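Geometric and topological summary
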Amino acid sequence: MLQTAATLQAKHSRHLHALGGSARCASASEGSRQYSKSAMVKSVTSGYSFTHSPSRACAPGFSKRSGFRYRCTHAACNDNSRPRTQPFMLSADKHVPQRLCLIDSHNLAYRMYFGMKELNGPNGEAVHAVLGFCNKILELRKVFPDHIMLAVFDAGKSEARTAISAEYKAGRALMPDPLSSQMILISEAMEAFGVTKLFARGYEADDVIATVVTAAVEQRAESVVVVSSDKDLLQLVSSDDDATRVRVYDDRKKLLLDAAAVIELHGVEPHQMVDYLAMVGDSSDNIAGITGIGPKTAAKLLLEHK
């Protein structure tokens, strides 16, 4: 623990950055606690379990909203020699897959929406974020062909963080209407691709991702890849000697970030990212951080006071 004035100043900010399921996530009244993974993760189609069912979900799909057709091109879903149903559940008596690829879906959708040239479907509705998202799914399946893919969505602002600070994400612009309508199409496309969708009411996608990662680590899965540009998720990256390899994939730069890469980028180890971000602040989440402490000073202090 860093025994300096910076610790006290960054206390609430640290809790805002800590992810439920993998690290402490506190509320103002009850202090630190672990979120229950059985209550955290919910599939839109199968309650509190999540199931990959190629025979149902990966069939050719048709979107009434856009007029577009989708067909799953995943080899495993079109291989008649393989079982047509591959169920798995996140619970104490079930095992998570040995290899998982978790997609921070809202993060990816925003990047596709603002990063691609505007494109409209047959009925005039914007679809460029949908196109970019689907292309990214195809790309990820080539990069991680042996990983089960899960698309994790936000389901409202984090109630735990707003309980700590009413200013959390205050002033952030609402999702643009053209992107909001495309989120429905993206959800439909994931069903056509056979990609399971996860969310939890009152929690953000990164909390659900952290919960799944925690379950995978507890059950000693082989590999977990998180696809996101969110720096908060770097706290989940595993150490070199951990049984489960947890890495974050930067799909823009095509970089798979391990512990060494986190240290190179930010000057701190993955488990120190919570304190690091609490100290330097995060304007996107309306977290001020500590006045006068920037990235270099934060990294220096954390390395001196491990």
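Use the structure listed above.
Scope of this entry: the structure provided in the associated data block. (Residues numbered from 1 in each chain as written. Predicted model: local features only at pLDDT ≥ 70, side-chain atom pairs only at ≥ 80, totals over all residues. Heavy atoms only, no water.)

1. Here we look at the overall build of the chain
- Scanning the chain for helices and strands turns up twelve helices and eleven strands.
- Here the chain holds 306 residues, and the buried ones make up 52% of them.
- Counting contacts in the chain only where the partners sit at least 6 residues apart, residues at least 24 apart contribute 70% of the total.
- Accessible surface for the chain amounts to roughly 14700 Å². Of this, 52% is attributable to carbon and sulfur atoms. (Helix = DSSP H or I, 4+ residues; strand = E, 2+ residues; numbered from the N terminus. Buried < 20%, exposed > 50% of the residue type's maximum accessible area, 1.4 Å probe, protein only. Contact = heavy atoms within 4.5 Å. Areas by Shrake-Rupley, 256 points an atom, 1.4 Å probe, with all protein chains shown as cover.)

2. Observations concerning the side chain of His128
- Looking at where His128 falls in the secondary structure, it is placed in helix H6 (residues 128-143).
- Excluding residues within four positions of it along the chain, His128 makes contact with Met112, Tyr113, Met116, Lys117, Glu118, Leu119 and Gln182.

3. Here we look at the packing of aromatic side chains
- The final tally for this structure, using the stated rule, is three aromatic pairs.
- Arranged with centres 6.1 Å apart and planes meeting at 20°, the rings of Tyr110 and Phe114 form a pair that is stacked. One end of the pair, Tyr110, and the other, Phe114, are both in helix H5 (residues 105-115), four residues apart, so they sit about a helical turn from each other.
- The partly exposed category is assigned to Tyr110, whose relative accessible area is 29%.
- Aromatic pair Tyr113 and Phe114: ring centres 4.9 Å apart, planes at 90°, arrangement edge-to-face. (Phe/Tyr/Trp six-rings, centres within 6.5 Å; stacked < 30°, edge-to-face > 60°.)

4. Looking at the pattern of salt bridges
- Inspection of the entire model under this criterion finds nine salt bridges.
- Ionic pairing is found between Glu139 and Lys136, a salt bridge with its closest N-O pair at 3.5 Å. A residue pair is termed a helical-turn pair when its members lie 3 or 4 positions apart in one helix, as Glu139 and Lys136 do in helix H6 at three residues.
- Taking relative accessible area as the criterion, Lys136 reaches 9% and is therefore assigned buried.
- With its nearest N and O atoms 2.7 Å apart, the salt bridge here joins Glu304 to Lys300. Highlighted residues: Glu304 and Lys300, both in helix H12 (residues 295-304), separated by four residues, approximately one helical turn.
- Among the charged side chains, a salt-bridge network with shared partners connects Arg111, Lys136, Glu139, Asp251 and Lys254. (Salt bridge = Lys/Arg side-chain N within 4 Å of Asp/Glu carboxyl O.)

5. Comments concerning the packing of helix H11 (residues 273-280) against H12
- At a minimum axis distance of 9 Å, the contact between H11 and H12 shows a crossing angle of 140°. On the basis of the axis angle, H11 is oblique to H12. Classified by chirality, the crossing of H12 by H11 is right-handed. Taking contact as the criterion, the partners of Asp275, Tyr276, Met279 and Val280 in H11 are, on H12, Pro295, Ala298, Ala299, Leu301 and Leu302. (Axes fitted to C-alpha atoms, helices over the stretch in contact; angles between N-to-C directions. Parallel < 35°, antiparallel > 145°, perpendicular 65-115°, else oblique. Left-handed = near helix turned anticlockwise from the far one by under 90°.)

6. A short note on the nonpolar core
- In this structure, Leu102, Ile209, Val213, Val224, Val226 and Tyr276 are the most contacted members of the largest nonpolar core, which totals 37 residues.
- Every element with two or more residues in this core is listed here: strand S6 (99-104), strand S7 (148-152), helix H9 (205-218), strand S9 (223-227), strand S10 (245-250), helix H10 (259-266), H11 and H12.
- With seven residues, H9 is the single largest residue contributor to this core.
- Excluding its chain neighbours within four sequence positions, the residues that come into contact with Tyr276 are His266, Val268, Pro295, Ala298, Ala299 and Leu302. (Core = buried A, V, L, I, M, F, W, Y, C linked by side-chain atoms within 4.5 Å.)

7. Concerning H11
- Across the eight residues of H11, six count as buried, placing the element largely inside the fold.
- With its phi angle positive at about 85°, Gly281 sits one or two positions after the end of H11.

8. Concerning the environment of Val212
- Its place among the elements puts Val212 in helix H9.
- As a C-alpha pair, Val212 and Val224 span twelve residues in sequence and 9.3 Å in three-dimensional space.

9. As for the packing of H5 against H6
- Two elements in contact, H5 and H6, have axes whose closest approach is 8 Å; the angle formed by their N-to-C orientations is 120°. In this view, H5 runs oblique relative to H6, as classed from their interaxial angle. Considering how the two elements wind past one another, H5 and H6 form a crossing that is right-handed. Of H6, the residues touching H5 (which contributes Ser105, Leu108, Ala109, Met112 and Tyr113) are His128, Ala129, Gly132, Phe133 and Lys136.
- Of the residues belonging to the contact of H5 with H6, the class tally is six nonpolar, three polar and one charged. (Nonpolar A, V, L, I, M, F, W, Y, C, P; charged D, E, K, R; others polar.)

10. A closer look at the environment of Val226
- Along the polypeptide, Val226 turns up in strand S9.
- In the structure, Val226 is positioned eleven residues away from Val237 in sequence and 9.1 Å away in space, judged by C-alpha atoms.
- Once you skip the residues sitting within four places of it in the chain, Val226 turns out to touch Leu102, Ile209, Val213, Leu233, Arg247, Val248 and Tyr249.

11. Brief notes about the pairing of strand S8 (residues 196-199)
- The alternating pattern of S8 places Thr196 and Leu198 on one face and Lys197 and Phe199 on the opposite face, and all of these are buried.
- Pairing geometry for S7 and S8, over three bridges, is parallel. Along S8, the bridge assignment pairs Ala151 with Lys197. (Pairing = 2+ DSSP bridges.)

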